[in-house]
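Each chain, written out:
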Amino acid sequence: MTHAPYLHVLHARPGAQAAHASLPAFVAEQLRKAILSGAIPPEALLRQEDIAQRLGVSRPPVREALKQLEAEGLAQQRPRRGYIVAGIDPDDIAEIFEIRALFEERIGQAAARHRAEADIAVLEADVAAMESLPAGTPEGGRDFALHNRRFHDRIRAASGRRVTGELLGVLANRVERYIRLGGQIANSRDQVNREHRDILAALREADGDRLGLLLRLHVHDAGARLLRSLRGGRPL
């Protein structure tokens, strides 16, 4: 029996392991999803034997997966305690969003040059879905966050800048759970939707300078709202 009740979100689904290149990759993906969603909270203990039992694997793949999550900034090894879900300092959040804003501007400039009509169609569907979701409910907030992440990931993919996109993905993972847990997106829904519409219009028009600027401001404002909430305890 597992000793950590929050690990009930981990499941050894039939066929899930086959979709990954290795067992450590499978374990890392299951833990990553649970951490980013907030299902496994910051500072929670990640006991290797409990995780192995939940996912039906041995301990060595779990150990390798935890090392990978540590490299991504999602897990932290503590002396005599093992691994825990990493917390994050507000100063680190400020730095992450500062770096993201600069990188996203370059991504936008490249995406305007390389985007395809298929990218526009997918992004339009994500924007429409976000606009239709109810505000003020956990389910609506969760689904909004998922579409929001897909929206930004698609623009990064459209840019063709693989290395920059991968770095941005890692940085986004460091703060995503705080955005979801803090309710940032839900409480600024109208503003975020307007910004997404403007970003989509600039991408459709292949206006790289405008798209880069809009993405930089969008990320900067998101970081500022999150920091105000974390430092002042106010809703976002």
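For the structure itself, look to the data block above.
Overview of the structure. As the structure is a prediction and not an experimental result, all values here were calculated from the model. Position numbers for residues start from 1 in each chain and track the written sequence from start to end. Side-chain atom pairs in this predicted model are given and counted only at pLDDT of 80 or more, local residue features only at pLDDT of at least 70, and totals for whole chains, interfaces and linings cover all residues. Heavy atoms from the whole structure form the basis of all side-chain values; hydrogens and water molecules are not counted.

1. Here's the deal with the overall build of the protein chain
In this text, helices come from DSSP runs of H or I with a minimum length of four residues, and strands from runs of E with a minimum of two, each type numbered from the N-terminal end. Check the secondary structure of the protein chain and you find 10 helices and three strands. Secondary structure elements of the protein chain occur, N-terminal to C-terminal, as α-β-α-α-β-β-α-α-α-α-α-α-α. Relative accessibility decides the category of a residue: with a 1.4 Å probe and only protein chains considered, values under 20% of the type maximum give buried, values over 50% give exposed, and everything between is partly exposed. With 236 residues in all, the protein chain has 46% of them scored as buried. Within the protein chain, contacts between residues at least 6 apart in sequence are counted, and of these 76% link residues at least 24 apart. In the structure as shown, the protein chain presents an accessible area of about 11,600 Å², 52% of it carried by carbon and sulfur atoms. Contact definition: two residues touch when any of their heavy atoms are within 4.5 Å. Only the protein chains shown count as covering a residue, and every accessible area follows the Shrake-Rupley method with a 1.4 Å probe.

2. Topic: the layout of surface pockets
A cavity here means a set of 1 Å grid points, computed over protein atoms only, where a 1.4 Å probe fits but cannot escape. A pocket is an open set with protein on both sides within 12 Å along at least 5 of 7 lines, and lining residues have an atom within 4 Å of a point. Grid points are joined across faces, edges and corners, and a volume is the space filled by probe spheres set on the points. A volume near 370 Å³ is recorded for the largest pocket. The wall of the largest pocket is formed by 13 residues, among which Lys33, Leu36, Ser37, Leu146 and Arg180 lie closest to the centre. Going through the elements one at a time, helix H1 (23–37), helix H6 (138–159) and helix H7 (162–182) are the ones with two or more residues in the lining of the largest pocket. Residue type decides the class: Asp, Glu, Lys and Arg count as charged, Ala, Val, Leu, Ile, Met, Phe, Trp, Tyr, Cys and Pro as nonpolar, and the leftover types, Gly among them, as polar. Looking at side-chain class alone, the lining of the largest pocket contains three nonpolar, one polar and nine charged residues.

3. Comments concerning the pattern of salt bridges
A pair is scored as a salt bridge if a Lys or Arg side-chain nitrogen falls within 4 Å of a carboxyl oxygen belonging to Asp or Glu. Going through the model one piece at a time under the given rule, you end up with 21 salt bridges. For arginine 47, the salt bridge is made with glutamate 49, and the minimal N-O distance between the two is 2.6 Å. Residue class for glutamate 49 comes out partly exposed when judged on its relative accessible area of 31%. Residues joined by salt bridges that share partners form a network here, namely Arg100, Glu104, Arg149, Asp153, Arg156 and Glu176.

4. Looking at the sheet that holds strand S2 (residues 75–78)
An order of S1-S3-S2 is seen for the three strands of this open sheet, with the pairing classed as antiparallel. Of all strands in the sheet, those with a lone pairing partner are strand S1 (45–46) and S2, marking the two edges. Note on pairing: DSSP must find at least two bridges between two strands before they are called paired. Examined bridge by bridge, S2 and strand S3 (residues 82–85) share four bridges and lie antiparallel to one another. The partner of glutamine 76 across the bridge, within S3, is isoleucine 84. Together, S1, S2 and S3 form the strand contacts of helix H3 (residues 59–71), whose direction differs from that of S2 by roughly 110 degrees. Every axis in this analysis is a line fitted to C-alpha atoms, fitted for helices over the stretch in contact. Angles between the N-to-C directions lie between 0 and 180 degrees.

5. Notes on H1
By this rule, a helix spans an expected 1.5 Å times one less than how many residues it contains. In this model H1 runs 22 Å from its N-terminal to its C-terminal C-alpha over 15 residues, within 8% of the 21 Å that 1.5 Å per residue would give. By the burial criterion, the buried members of H1 are Phe26, Val27, Ala28, Gln30, Leu31, Arg32, Ala34, Ile35 and Leu36. Directly after H1, the chain includes glycine 38, whose backbone phi takes a positive value near 90 degrees.

6. Considerations on the packing of aromatic side chains
Here a pair means two rings of Phe, Tyr or Trp (six-membered ring of Trp) with centres within 6.5 Å. Their orientation is stacked below 30 degrees between planes, edge-to-face above 60, and tilted elsewhere. What the rule picks out here adds up to zero aromatic pairs. For a ring to carry a charge above it, either NZ of a lysine or CZ of an arginine must fall within 6 Å of the ring centroid while also lying within 35 degrees of the normal to the ring plane. Over the ring of phenylalanine 144 we find arginine 189, and its NZ or CZ is 4.2 Å from the ring centre.

7. Things to note about H3
With 13 residues, H3 extends 19 Å between its outermost C-alpha atoms, agreeing within 8% with the 18 Å of an ideal straight helix rising 1.5 Å per residue. Taken residue by residue, H3 has Pro61, Val62, Ala65, Leu66 and Leu69 as its buried positions. All buried residues of H3 lie within an arc of 140 degrees about the axis, which places them on one face of the element. Taken together, the buried residues of H3 touch H1, S1, helix H2 (48–55), S2 and S3. Just downstream of H3 lies glycine 73, where phi reads positive at about 85 degrees. Working note: the arc is built from the helix axis to C-beta atom directions.

8. Some details on a negative patch on the surface
A surface patch of like charges, here negative, comprises Asp89, Asp92, Glu95 and Glu98. You can see glutamate 95 is positioned in helix H4 (residues 90–114). What makes glutamate 95 partly exposed here is its relative accessible area of 47%. Within the patch definition used here, like charges are joined within 9 Å and nonpolar side chains (Val, Leu, Ile, Met, Phe, Trp, Tyr) within 5 Å, considering only residues with over 30% relative accessible area and no salt bridge. In this count, Lys and Arg are taken as positive residues and Asp and Glu as negative ones, while His and the chain termini are left out. Think of each charge as sitting on NZ of Lys, CZ of Arg, CG of Asp or CD of Glu.

9. Details of the pairing of S3
With two bridges joining them, S1 and S3 adopt antiparallel strand pairing. When the sheet's bridge partners are listed, leucine 46 is paired in S3 with tyrosine 83.

10. Some words on the nonpolar core
Of all hydrophobic cores here, the largest spans 24 residues; its most connected members are Val27, Leu31, Ile40, Leu46 and Ile51. The element that contributes the greatest number of residues to this core is H1, accounting for seven residues. Here, nonpolar core means buried Ala, Val, Leu, Ile, Met, Phe, Trp, Tyr and Cys residues that are tied together by side-chain atoms lying within 4.5 Å of each other.

11. Examining the environment of alanine 86
When you line up the elements, alanine 86 lands in the loop between S3 and H4. For alanine 86, a relative accessible area of 5% translates into the label buried. Sequence-wise, alanine 86 and glutamate 43 are 43 residues apart; in three dimensions their C-alpha atoms are separated by 5.9 Å. Once residues within four sequence positions are removed from consideration, alanine 86 is found in contact with Pro42, Gly73, Leu74, Ala75, Gln76, Arg177 and Tyr178.

The values reported here are purely geometric and, on their own, carry no functional implication.
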